[in-house]
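# Survey of secondary and tertiary structure
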Amino acid sequence: MERVPLPNGSFIQIFLKVVRESEDVPRAALNALELAPSDKKYEGIQGDKIVLDCKFSLAPEDIGTLDIEWFLVAPDAQQADQMIIAFNGKPYPQDGPLKGRVDFVSPTPEEGDASIIISNLKESDSGTYQCKVKKMPGSQNKKVALNVYVKPTKTRCYVEGKQEIGHDMNLRCMATEGSSPLSYSWVKVSGLEKLPATATLDATTGMLHVKNASQEHSGTYKCMSKNRVGTDECIVMLNVVPPSNTAGIVAGAIIGTLLFLLVLGVLIFFCCRKQKEKKYEKEIQHEIREDVAPPKSRTSTARSYIGSNIGSNHSSLGSLSPSNIDGYSKARYNHIPSDEMERPPSQVPTYVPPKVAGPNLSRMGAIPVMIPAQNKDGSIV
């Protein structure tokens, strides 16, 4: 197949000529904007500030509008990068985790310094940041890694185990806050100022294990926690004493308990006895009140009884002499009525009047006998 020559000045020849000429032009000429290379590792401390460098140079060929953008690269490729600040004639801070804490270092970034400064660093600020500079037709970008560390703080020391001679114990040390990796070390700052020969240290956990402790191990110990950005320390006192007399303590506790129970039993006994005495006194008083009637009621009963008998037997007294009446009255009034007198008249037994023996018999203790009155003819009245 023959090759057909193309006419001079045709559009195809002109296009091919431009392509051939462009191959001879260096690619750097088409992208004249350059970023200064940097292999610096960026490490910051929480609470401090840090500068992320991004410097560039322009060429006459770069005639477009300057555009600077900083991104926080997403750790997951499926997520979008987050812009933190931009410049297009003036700075434009963006919303996000660095809001209010990021700004350009230079007040005129268009002069070739697109570096930024991050203030009040946080551990969560760690990540990859991308600086992107565009000025058509040139465009360049670079990424830098930032690691923010936390100093060890609030380190706490304490002793674990009995501080007695012959016992094993552990001296513990732990930093509440601090970025990994953390390491620990122990020193003795009093006494012999030397760690026990039987002590073993775990620098990762901060535990100092002491075997078969003795009084020489007593003293002040200091622990230091450390990471790549700072240190912290704490102090603990170790006082190794002779073992306590456990048997004596147990015996004392038993004796004390028995004495307490004995005293408690005595108190209970006396309380019960006192209660019984009070109960007995109440019962005696109650029985006396039930068996003995008030004196007033007994007097009235006796008087009513004597009056009724005197009235009923008045006719039978007859013509007694004064001495007989005196003896009769004394015998009747000297007689104390029994409980039977308090019964109703229907239940009171018939009273048999005593016989009157004579005028002088009552004085001799004789019982008077009542003689019925008689008429002159001998008939009983």
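First, a word on what this report is: a plain description of the structure on this page. Because the structure is predicted, anything quoted here is derived from the model rather than measured.

## Overview of the sheet that holds strand E16 (residues 207–210)
- Overall, antiparallel pairing links the four strands, which are arranged E12-E13-E16-E15 in an open sheet. The open sheet has two free edges, formed respectively by strand E12 (153–160) and strand E15 (200–202), since each of these has just one partner strand. Put simply, the sheet's adjacent strands are angled 15 degrees from each other on average, direction ignored.
- Relative to E16, E15 runs antiparallel, the two sharing three bridges. Each bridged residue has a counterpart across the sheet, and for Thr200 the counterpart in E16 is His209.

## Observations concerning unusual backbone geometry
- With omega at 5 degrees, the peptide bond leading from Met136 into Pro137 counts as cis.
- Structurally, the position occupied by Pro137 is in the loop between strand E10 (127–135) and strand E11 (138–149).
- The residue after Ser180, namely Pro181, is reached through a cis peptide bond having omega 0 degrees.
- Structurally, Pro181 is set in the loop between strand E13 (169–177) and strand E14 (183–188).
- Residue Asn212 is not a glycine yet carries a positive backbone phi of 50 degrees.
- With respect to the element layout, Asn212 can be found in the loop between E16 and strand E17 (219–227).
- Taking relative accessible area as the criterion, Asn212 reaches 52% and is therefore assigned exposed.

## Remarks on the sheet that holds strand E7 (residues 91–93)
- The strand order E2-E11-E10-E5-E6-E7 describes an open sheet built from six strands, whose pairing is mixed. What marks the edges here is a single partner per strand, and that holds for strand E2 (42–45) and E7. Recorded for the sheet is a direction-independent mean angle of 25 degrees between the axes of neighbouring strands.

Calculation notes
- Residues numbered from 1 in each chain as written.
- Predicted model: local features only at pLDDT ≥ 70, side-chain atom pairs only at ≥ 80, totals over all residues.
- Heavy atoms only, no water.
- Pairing = 2+ DSSP bridges.
- Helix = DSSP H or I, 4+ residues; strand = E, 2+ residues; numbered from the N terminus.
- Axes fitted to C-alpha atoms, helices over the stretch in contact; angles between N-to-C directions.
- Buried < 20%, exposed > 50% of the residue type's maximum accessible area, 1.4 Å probe, protein only.

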